[in-house]
Amino acid sequence: MTITEKKNIRLADRISRISESETIAMAKLGRALGAEGKKVISLSFGEPDFFTPDHIKEAAIAAINNNNTFYTPVAGIPELREAISLKFKRDNNLDYKTDQIVVSTGAKNSIMNTVLALVNPGDEVIIPKPFWVSYEDMVSLAEGIPVYIDTDVEADYKITPQQLEDAITPKTKMFIFSSPNNPTGSVYTKTELEGLAAVFEKYPYVYIVSDEIYEHINFVGKHESIAACGNVYPQVITVNGVSKGFSMTGWRIGYIGAAKEIAFACEKLQSQFTSGTNSIAQRAAVAALTGTLEPTEKMRLAFMKRRDLCLSLMKDMDGIKLNNPDGAFYLFPDVSSFFGKSADGKTINNSQDLCMYLLNKVYVVTVAGSAFGNENCIRMSYATNEENLREAITRIKSALSELK
Ligand SMILES: Cc1ncc(COP(=O)(O)O)c(C=O)c1O
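Structure report, in brief.

About the criteria used
- Residues numbered from 1 in each chain as written.
- Predicted model: local features only at pLDDT ≥ 70, side-chain atom pairs only at ≥ 80, totals over all residues.
- Heavy atoms only, no water.
- Phe/Tyr/Trp six-rings, centres within 6.5 Å; stacked < 30°, edge-to-face > 60°.
- Helix = DSSP H or I, 4+ residues; strand = E, 2+ residues; numbered from the N terminus.
- Buried < 20%, exposed > 50% of the residue type's maximum accessible area, 1.4 Å probe, protein only.
- Salt bridge = Lys/Arg side-chain N within 4 Å of Asp/Glu carboxyl O.
- Expected span 1.5 Å × (residues − 1).
- Contact = heavy atoms within 4.5 Å.
- Near = heavy atom within 4 Å.
- Polar contact = N/O pair within 3.5 Å; in protein donor to acceptor, adjacent residues only side chain to side chain.
- Areas by Shrake-Rupley, 256 points an atom, 1.4 Å probe, with all protein chains shown as cover.
- Nonpolar A, V, L, I, M, F, W, Y, C, P; charged D, E, K, R; others polar.

Per the stated rule, a full pass over the model turns up 17 aromatic pairs. Between Phe88 and Tyr255 the ring centres are 5.6 Å apart and the planes differ by 80°, which places this aromatic pair in the edge-to-face class. Highlighted residues: Phe88 in helix H4 (residues 78-92) and Tyr255 in strand E8 (residues 254-257), separated in sequence by 167 residues. Each member of the pair, Phe88 as well as Tyr255, is classed as buried.

Turning to the pattern of salt bridges, a few remarks are in order. Close approach of charged atoms allows side chains with opposite charge to pair. This model, assessed by the stated rule, comprises 24 salt bridges. Glu224 is the partner of Lys222 in a salt bridge, and the nearest nitrogen-oxygen pair spans 3.9 Å. Residue classification places Lys222 among the exposed positions, given a relative accessible area of 55%. Salt-bridge contacts for Glu386 lead to Lys305; the nearest nitrogen and oxygen are separated by 3.3 Å. One end of the pair, Glu386, is in helix H13 (residues 386-401); the other, Lys305, is in helix H11 (residues 294-314), and 81 residues separate them in sequence.

With 21 residues, H11 extends 30 Å from end C-alpha to end C-alpha; this agrees with the ideal 30 Å at 1.5 Å per step. By the burial criterion, the buried members of H11 are Thr296, Met299, Arg300, Phe303, Arg306, Arg307, Leu309, Cys310, Leu311 and Met314. Lining the buried residues of H11 we find strand E9 (330-331), strand E14 (378-381) and H13.

Taken together, Gly106, Ala107, Lys108, Trp132, Tyr135, Asn182, Asp211, Ile213, Tyr214, Ser243, Lys244 and Arg252 make up the full set of residues near the ligand. Here a nitrogen atom of the ligand and a side-chain polar atom of Asp211 are 2.5 Å apart. For the ligand, the protein covers 92% of the area, taking 400 Å² as the surface of the free molecule. Of the residues forming the shell around the ligand, the biggest block, three residues, is contributed by helix H5 (residues 106-118). Among the residues making up the shell around the ligand, the classes are represented as five nonpolar, three polar and four charged.

Right under this line is the structure:
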């Protein structure tokens, strides 16, 4: 018997504090049905369905040919940190010097580093609902206590300054949010961010993790960063990366801009975890951040067209409440009016039941809102082609119409 075959594997307690990502679990179920020959359409993807632009791929090929294949500095190669510093100034009017920047293995790694660097056991971390799946588990891994702020479709899933102030206590260490938001597509306006910043200014001991990974997928104009609002810059850790805006999810490059001390803490952590991230991907990221934004703009327009298509196909769908998503590539319809209804002898009691019903009945993969901290909704990604979107929405309509 090998060690792995032994029963009673004694895993660390921290593993039971976290769960497998629901988005990944749903994608697995969809693939299993596909393997049985069912015509599955997945609306569960969290990544653009476009190829990485050629000029970025060429930079990576050149990096290999130039033997840029050795360990890099832990916080990233100087060329990339310089490119990020210029990008922050160019796009966000933010001054982050290179020693305030740490490059990591995706924005996910950047956020995890930040949480581990700042959150002590028992510290409260405010997370507005709905949230990106990983925030909650990251805080749990650091033994922090997630504190939630509820929002709903009527509020476009955005929090008010008053809600924020009510959630802050002397134990609050951090606030984490994303704008544009996954899963709702909501985008905070400059005025709304200024309103939140005015509250944070009163609590300088609260750090703000601003996840701006969907910066370039914004349908309402210029992206706004909370670090550029009021006087909160020293409290903010601005997180970004190349995954979504440059269709580079597999390359794994994310980064932060933060106070020097925080950046150094993240670098120190990273030196013991992963070291500097992939040397080839770092060169590719330099090309992404310094090169043309034309492919990014094309992708943004394609997403906007799909968003409009989905909204027009869903606007007369009975029983659904939908906000107008201003960014990212997700719809987050409130489907709670179907709870308590039945079809095929099965009653739908929650968002998870509804997702399973859509999967088994019409082979459309969605993700339950419960994974994002909202029990009333399901998430549908429109990172797939228009034909799939039309067909998926037709199928969903027909499945929902059978619920009585
Ligand atoms: C809100 C949000 N933040 C961060 C990430 C992680 O991005 P990366 O691929 O750079 O790790 C994702 C990916 O789905 C996301 O949706």
